[in-house]
Amino acid sequence: MSKEAVNLVQMQEPTLKPEQQSKLKQLVNEENLLKQEESVQKHHQTFFASIRTAVTMFGERFRAFVTDRDTVTATVVGLTLLAGGVYSAKNGTAAPAGLFKPFLVTPKCRITVLEALQQSFQQVRRRLRDVLEGVVLSPSLEAQVRNMAIATRNTEKNRSLYGNVLLYGPPGTGKTLFAKNLALYSGMDYAIMTGKELAVMGPEGMGAMHELFDWANTSRRGFLLFMDDADAFLRQPATEEINEDRRVGQDAFLYHMRRCSNKFMLVLASRHPEQLHWDIDDIVDMRCHFDLPWQEERERLVRMYLDKYVLKPATEGKQRLKLAPSDYGRKCVEIAQLTDGMSGQKIANLALSCQDKVYASKDGVITEAMLDAGVQDFIQLQQQIMLAGPEDEHPST
Ligand SMILES: Nc1ncnc2c1ncn2[C@@H]1O[C@H](COP(=O)(O)OP(=O)(O)OP(=O)(O)O)[C@@H](O)[C@H]1O
């Protein structure tokens, strides 16, 4: 019955018999229900359409944005493309509460999508020429990941399928850094999720996951999904009691990942690969072990990060710093020898500790003694942290 007809009959209600009145009420209720359903459906469609628009827009900007490594590290290490979609859609269409909780957003997220977009406009867009730019790895791992990156970059051209990759190893060894580089090098759209957040999502999360994969499969350039801490979500069922939502979530995820795709690539990162679901073997085409650096790689890391945080500011003349005459190369080798057992992330932080000492100098002359003092401070801090708790609790220090 049309809306006008219902209105007309409603006007006649006082003159109707009781059974006619009750039939009329039923009709009005049905009409209202229909309207509500239509509105929810419309809302739903607009909501997801706006997610896609936002994600597509943000994908463009994000690629440019992540090109500025320092800005990214300082501000949006965890900003996700997906979060961009979720946030924009939530703000733009006032999505029904709870439909899309920001569970896929990493807690490291610090800035709004709009801010990210604004910042990205200021960056020069470029595709990485070298997938290992700024990444120091052992020669064998370098060769392995370089081949994989070339194959990924040529997937579309060769009309082949993307292969999924598992990066595993201790914290701070460059897994995330490499995954970002891979996205920039291959020109794919890119998003970060963390397994920890996926692990705690409730039943609505399943709908979101199907939506995510549906959307990802519409990507023009291909879509790279990076899941950090994958073992938190894709854990072997036997490892612990997992609830029903989590099990359904895992199944949905694995189901999508088993379907080979020319649109979609998954990069998993794990510190505890032995805890991963056994079905991971079916969906992962390549495993890459990111180990702690050996002396040779530590020397390269020390040199790279001292150059970046100490030498460059000094030599570029932006600071009032000068380098005292010294055998800088030998100093780097010496420092590297003291960093046995440290990850790339810790070596970067050690260089920052040296920078603190240098910036505190009265005359602005960088001496070997200053670098030594920075290294000693950092080593002492590490020893205190080791005494305080397990390694995994302090990945960023
Ligand atoms: N192999 C490396 N080469 C160059 N820099 C590195 C390397 N490993 C770590 N770093 C430095 O440490 C930072 C953090 O590393 P990253 O987040 O990639 O480690 P991760 O292996 O993903 O750690 P986690 O398991 O904690 O997620 C990088 O942004 C970089 O500054």
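Thresholds, definitions, all that
- Residues numbered from 1 in each chain as written.
- Predicted model: local features only at pLDDT ≥ 70, side-chain atom pairs only at ≥ 80, totals over all residues.
- Heavy atoms only, no water.
- UniProt positions renumbered as here; feature names shortened; annotations may be inferred.
- Pairing = 2+ DSSP bridges.
- Helix = DSSP H or I, 4+ residues; strand = E, 2+ residues; numbered from the N terminus.
- Axes fitted to C-alpha atoms, helices over the stretch in contact; angles between N-to-C directions.
- Contact = heavy atoms within 4.5 Å.
- Expected span 1.5 Å × (residues − 1).
- Salt bridge = Lys/Arg side-chain N within 4 Å of Asp/Glu carboxyl O.
- Buried < 20%, exposed > 50% of the residue type's maximum accessible area, 1.4 Å probe, protein only.

- As recorded in an unreviewed UniProt entry, the protein chain goes by ATPase family AAA domain containing 3C and comes from Rhinopithecus roxellana.
- For the record of the protein chain, the UniProt heading Sequence similarities (unreviewed entry) holds the text "Belongs to the AAA ATPase family."

## Focus: the sheet that holds strand S1 (residues 165–168)
Thinking step 1. If you walk across this open sheet you meet the five strands as S2-S3-S4-S1-S5, and the pairing is parallel. Each having just a single partner strand, strand S2 (189–194) and strand S5 (286–289) make up the two edges of the open sheet. Averaged over all adjacent pairs, the angle separating strand axes in this sheet is 20°, with direction ignored.
Thinking step 2. Across four bridges, the pairing between S1 and S5 is parallel. From the neighbouring strand, tyrosine 168 faces S5, where its bridge partner is histidine 289.
Thinking step 3. Relative to the sheet, helix H7 (residues 175–186) contacts S1, S2, strand S3 (223–228) and strand S4 (264–270), its axis offset from that of S3 by approximately 175°.

## Some remarks on helix H6 (residues 139–153)
Thinking step 1. With 15 residues, H6 should reach 21 Å at 1.5 Å per residue; the first-to-last C-alpha distance of 21 Å fits that figure.
Thinking step 2. If you follow the buried residues of H6, they end up packed against S1, H7, S4, S5 and helix H13 (295–315).

## Let's talk about the environment of glutamate 156
Thinking step 1. Tracing the sequence through the fold places glutamate 156 in the loop between H6 and S1.
Thinking step 2. Put simply, glutamate 156 and serine 186 are 30 residues apart on the chain and 9.9 Å apart in space, counted from C-alpha to C-alpha.

## Some words on the pattern of salt bridges
Thinking step 1. Within the structure shown, the criterion is met by 12 salt bridges.
Thinking step 2. We note a salt bridge from glutamate 142 to arginine 300, for which the minimum N-O separation is 3.2 Å. With glutamate 142 in helix H6 and arginine 300 in helix H13, the pair connects residues that are 158 residues apart, well separated along the chain.
Thinking step 3. Judged by relative accessible area, glutamate 142 falls into the buried class, the value being 16%.
Thinking step 4. Residue lysine 357 pairs with aspartate 377 through a salt bridge whose shortest N-O separation is 2.7 Å. One end of the pair, lysine 357, is in helix H15 (residues 344–359); the other, aspartate 377, is in helix H16 (residues 368–388), and 20 residues separate them in sequence.
Thinking step 5. By relative accessible area, lysine 357 is classed as partly exposed at 30%.
Thinking step 6. Here the salt bridges share partners, and the residues they tie into one network are Asp327, Arg330, Lys331, Glu334, Glu368 and Asp372.

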